[in-house]
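A look at the structure
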Amino acid sequence: MRGTFAVIDTRAMEDNVRAIRGVLRPGVQLLTAVKAGGYGHGAVPAARAALAGGATALGVASLEEALELRRAGIDAQVLVFGRVPAVGLPVAAAAGVDVTLTSDWATEGVPPCSPALRVHIKVDTGMARLGFRDTAGALRAAEFVQSRSDMELVGLFSHLACADDLASDHAPRQAERFAAIVNAFEAAGLRPPQVHLANSAGTFRSASWHHDLVRVGISAYGLPPSADFPVPCTLTQAMHVYAVVQRVAWLDEGETVGYGATFRTARRTRVATLPIGYADGYHRVLSNRGQVLLRGRRVPVIGRVCMDQMMVDVTDVPEAAAGDVATVYGMAAPDVWNGGALQARTGADVAQWICDTFRAHQATQPSVLSLTEVARAADTISYELMCALAPRVVRLYV
Ligand SMILES: *Cc1c(COP(=O)(O)O)cnc(C)c1O
């Protein structure tokens, strides 16, 4: 093993989904977004955990992502949020995948579908991304779907742009616009069984936005929609990333570290090298800004983050040594992993041992480096860091 790995806590995901269900209006269904490989956690394990926690549907960005779930034997409702071109529609129908009618394929000439294609109509109430811009267009699309014997009108939805910003009235305005469109559909006798609007932030912000179904992503992975957002239930971060210290060395005062020599030591400095870099998803913007946990303490990233490696200053952690495990995101590495214990194990046994010791220490390991905090240092959001975790980072599922 290269010494870089992620522990994905699928039980935490399951518990998160169950906790979110607890704040829904009675009877409201829950869809979990597992697009982008389950926000970097792995689409199939994330989907299974969400379903185990009580989700009844899954959301993906593309037909290809939907088919990956079907190939894994997942037969729950799957909705493709993005536009599926007309040629893909018979494929979606055959796989029983729900698609979004975003504006245009109504006029493209849709090939016959069998069994009936399950369609959700998307309306643009203030995101300016996809969907019908006006009620009349959305109603015409619904009539088109109704007119086809090989299509079934299943849903009507919109997406909130600013639900996490409690100071903004953008989301309430979108919700009002959406409610008016739902009323128009009802008046025309076209109300589909699944009306949905809320993402994680919208779900937590107002029960009146739940309609028939909520679509949660980030909260299922255990993170708040934004740093200070008040989440009304307990969430646990599911992604934990670790890197085994490759080398520890003493530098003299005045030496420089890394490409571009952007860090110069102001004292004799002990530097530790970690096998994780921007190609693993640890963004280069965290050069001289990020922190990791080592032996229970925070240590700063010094110098530029390289493609495959980076350096941290461990001068203040005198016991730090090669073979220790640094926590890049998530729960502090259990002490039993340190001192080369992890690298001493070989073969299939190491993965099981990591999972077992992770679980054993979870309850007593209070210190956590949250993705929200690292994202703040990187001037981005936790979503982006999760999705950036590269395929080459081995994921261990507990
Ligand atoms: C990704 C996505 C969601 C989930 O949003 P979160 O903020 O992660 O809860 C919901 N709806 C749509 C259309 C999405 O693309």
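Treat the numbers as computed from the prediction; the structure is a model and nothing was measured.

Tallied over the entire structure, the rule returns zero disulfides. With no disulfide of its own, C162 has C387 as its nearest cysteine by sulfur position, at a separation of 20 Å. Here C162 falls in the partly exposed class, since its relative accessible area comes to 23%.

Turning next to the packing of helix α6 (residues 135-147) against helix α7 (residues 170-187). Two numbers describe how α6 lies on α7: the axes approach to 10 Å, and their chain directions differ by 45°. What the angle tells us is that α6 and α7 run oblique. When the axes of α6 and α7 are compared, the crossing they make is right-handed. Across the interface between the two elements, T135, A138, L139 and A142 from α6 touch I181, A184 and F185 from α7. Here the residues of the contact of α6 with α7 sort into six nonpolar, one polar and no charged.

If a probe the size of a water molecule is rolled over the atoms, the empty space left behind becomes visible. Within this model, the largest pocket holds a volume of roughly 560 Å³. Looking at the largest pocket, it is lined by 29 residues, and the ones nearest its centre are K35, Y39, H159, N199 and Y383. Broken down by secondary-structure element, the contributors of at least two residues to the lining of the largest pocket are α2 (35-39), β4 (77-83), α8 (200-205), β9 (213-216) and α12 (382-388). Among the elements that make up the lining of the largest pocket, the one with the highest residue count is α2 (three residues). The residue makeup of the lining of the largest pocket, split by class, is 19 nonpolar, five polar and five charged.

In the vicinity of the ligand, the contacting residues are K35, Y39, F81, H159, N199, S200, R215, V216, G217, I218 and Y383. A distance of 2.6 Å separates an oxygen atom of the ligand from a polar atom in the side chain of Y39. One of the side-chain N or O atoms of R215 is found 2.8 Å from a nitrogen atom in the ligand. Taken by itself the ligand offers 390 Å² of open surface, and the protein chains cover 93% of this. Placement of the ligand is best described as lying within the largest pocket. Mapped onto the shell around the ligand, the elements with two or more residues apiece are α2 and β9. Class assignment of the residues belonging to the shell around the ligand gives a composition of five nonpolar, four polar and two charged.

What follows is about the pairing of strand β2 (residues 29-33). With four of five residues buried, β2 is to be regarded as a mostly interior element. Where β2 and β9 come together, four bridges link them in parallel fashion. Bridging across to β9, L31 finds its partner in R215.

On to the pairing of strand β15 (residues 291-294). The side chains of a regular strand alternate between the sheet's two faces. Here four bridges tie β15 to strand β16 (residues 297-302), and the two strands are oriented antiparallel to one another. Residue pairing in the sheet places Q291 in a bridge with P300 of β16. The turn linking β15 back onto β16 is made up of two residues, and R295 within it adopts a positive phi angle of 50°.

So, how was this worked out
The residue count restarts for each chain, going from 1 along the sequence in the order it is written. Confidence filtering applies because this is a predicted model: local features only for residues at pLDDT of at least 70, side-chain atom pairs given and counted only at 80 or more, and all residues used for totals across whole chains, interfaces and linings. Heavy atoms throughout the structure, all of them, feed into the side-chain values; hydrogens and water do not. When two cysteine sulfur atoms lie within 2.5 Å, the pair is treated as a disulfide. Residue burial is assigned from relative accessible area. The probe radius is 1.4 Å, only protein chains are included, and a residue is buried under 20% of its type maximum, exposed over 50%, and partly exposed in between. Axis definition: a line fitted to C-alpha atoms, limited for helices to the stretch in contact. Angles are taken between N-to-C directions and run from 0 to 180 degrees. Think of it this way: any DSSP run of H or I at least four residues long counts as a helix, any run of E at least two long counts as a strand, and we number them from the N terminus. Each angle receives one of four descriptions, namely roughly parallel if under 35 degrees, roughly antiparallel if over 145, roughly perpendicular if within 65 to 115, and oblique otherwise. Handedness of a helix crossing follows the sense of rotation of the near helix relative to the far helix, less than a right angle counterclockwise being left-handed and clockwise being right-handed. Any pair of residues with heavy atoms lying within 4.5 Å of one another is described as a contacting pair. Nonpolar residues are Ala, Val, Leu, Ile, Met, Phe, Trp, Tyr, Cys and Pro. Charged residues are Asp, Glu, Lys and Arg, and all others, Gly as well, are polar. Grid spacing is 1 Å over the protein atoms alone, the probe is 1.4 Å, and a cavity is where that probe fits but cannot get out, while a pocket is an open set with protein on both sides within 12 Å along at least five of seven lines and lining residues have an atom within 4 Å of a point. Grid points are joined across faces, edges and corners, and a volume is the space filled by probe spheres set on the points. Each residue is tested against the molecule or strand, and it is near if at least one of its non-hydrogen atoms lies within 4 Å. We define a polar contact as two N or O atoms separated by no more than 3.5 Å, with the added condition that, inside protein, one atom must be a possible hydrogen donor and the other a possible acceptor, whereas residues neighbouring each other in sequence contribute only through side-chain atom pairs. The accessible surface values rely on the Shrake-Rupley method and a 1.4 Å probe; as for residues, cover is taken only from the protein chains in view. Pocket occupancy is defined atom-wise: a molecule lies in a cavity or pocket when more than half of its atoms are within 2 Å of its grid points. Strands pair, by our definition, only if DSSP identifies at least two bridges between them.

These results come straight from atomic positions and should not be treated as a statement about function.
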